[in-house]
Amino acid sequence: MRLEQLDRVAILRLEAGRANVMNAATLGKLDDLLEELSQDLPGALVVTGQGPHFSGGLDLSGLMGEDRHAMADFLKTFGAVMTRLFLFPRPVVAAINGHAIAGGCVLAMQADRRLMAEGDARIGLNEVQIGVGLPTVVTETVRCQVPPQSLFPICLEGHLFTPPGAQAVGLVDALAPPERLIPQALALAQKLADIPSLAYQQVKQSLRRPVVDQIERFQEDDLYTWLDTWFSPDARTRIEKVLQRLAAKT
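Residues numbered from 1 in each chain as written. Predicted model: local features only at pLDDT ≥ 70, side-chain atom pairs only at ≥ 80, totals over all residues. Heavy atoms only, no water.

**Points about the overall build of the protein chain**
For the protein chain, the count of helices and strands is ten helices and nine strands. Whereas a compact globule of 250 residues would reach a radius of gyration of roughly 18 Å, the protein chain reaches 17 Å, a difference of no more than 12%. The principal-axis extent of the C-alpha atoms belonging to the protein chain is close to 50 × 40 × 35 Å. Residue pairs in contact within the protein chain that sit at least 24 positions apart in sequence constitute 77% of those at least 6 positions apart. For the protein chain, the exposed surface amounts to about 11,400 Å²; the carbon and sulfur share of it is 54%. Charge separation in the protein chain, taken as the distance between the mean sites of 24 positive and 29 negative side-chain charges, equals 4 Å. (Helix = DSSP H or I, 4+ residues; strand = E, 2+ residues; numbered from the N terminus. Rg over C-alpha atoms; globule rule 2.2 N^0.38 Å. Contact = heavy atoms within 4.5 Å. Areas by Shrake-Rupley, 256 points an atom, 1.4 Å probe, with all protein chains shown as cover. Lys, Arg positive; Asp, Glu negative; His and termini not counted. Charge placed at Lys NZ, Arg CZ, Asp CG, Glu CD.)

Have a look at this one:
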């Protein structure tokens with residue numbers, strides 16, 4: 001994971017193995033980079049991945065062995081880092097270069113605007129399909145980013161969308177040819193950076209602070225109900241099957 005600076009725009013590149021999955025170490029690094037950016041705010045921020053993945057979501061293989069206490073700590077950390085990006089005071093553009101699955105989709109949804117590369121990649125919140133729930137930090141940030149009619153297919157049916165399908169339901173704002181994704185994301189970030197920064201920050205905070213207040217109101221009770229789904233026998237079986245399929249592809 002690294003930062004680059006191009007003119008007024010910072011680029012945060014997710015580099016955490018083949019699929020950019022998230023574990024405690026990668027979340028810690030992401031939090032450190034956001035702290036670094038907060039000390040010297042850029043005009044705007046672009047977040048992107050590498051290779052065929054934006055992010056494959058949570059590190060399922062690494063997290064399956066954790067006990068309930070450790071998973072509770074992990075989910076709290078995940079929520080805190082996602083919220084930090086959600087409230088980042090400058091414009092944030094997600095340049096979704098490839099698959100953005102589950103937690104990877106959550107990460108993209110914290111941005112102000114989302115561009116996705118055309119092609120075969122998929123994006124979505126498929127947690128319900130493997131028997132795992134969605135914590136409040138996910139449902140509330142998604143709720144404020146997509147049309148109400150899209151919440152059912154995205155959250156309750158757990159579809160993984162093609163780029164055109166993702167644009168149709170509001171998961172992404174625009175599509176770009178793969179070779180044009182970063183240039184277009186940078187151009188959009190530069191345009192947003194032209195908006196007076198203090199005014200942008202005030203309006204963004206005003207729009208998003210009530211969302212975070214709602215997350216904070218329910219996150220403690222919600223944490224335990226989410227843990228019940230993560231440790232359910234059905235979810236354990238389904239996650240193991242997912243891991244077996246992934247292992248067969250490598």
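**Here we look at the packing of helix H1 (residues 24-39) against helix H3 (residues 68-86)**
Working note: a packed helix pair is described by the angle between its axes plus the distance between those axes. Orientation of H1 relative to H3, taken along the N-to-C sense of each, is 30°, at an axis distance of 10 Å. Classified by the interaxial angle, the pair formed by H1 and H3 is roughly parallel. For H1 against H3, the interelement crossing comes out left-handed. Residues Ala24, Leu27, Leu30, Asp31, Leu34, Glu35 and Ser38 of H1 lie in contact with H3, whose contacting residues are Phe74, Thr77, Phe78, Val81, Met82, Arg84 and Leu85. Across the contact of H1 with H3, the residue classes break down as nine nonpolar, two polar and three charged. (Axes fitted to C-alpha atoms, helices over the stretch in contact; angles between N-to-C directions. Parallel < 35°, antiparallel > 145°, perpendicular 65-115°, else oblique. Left-handed = near helix turned anticlockwise from the far one by under 90°. Nonpolar A, V, L, I, M, F, W, Y, C, P; charged D, E, K, R; others polar.)

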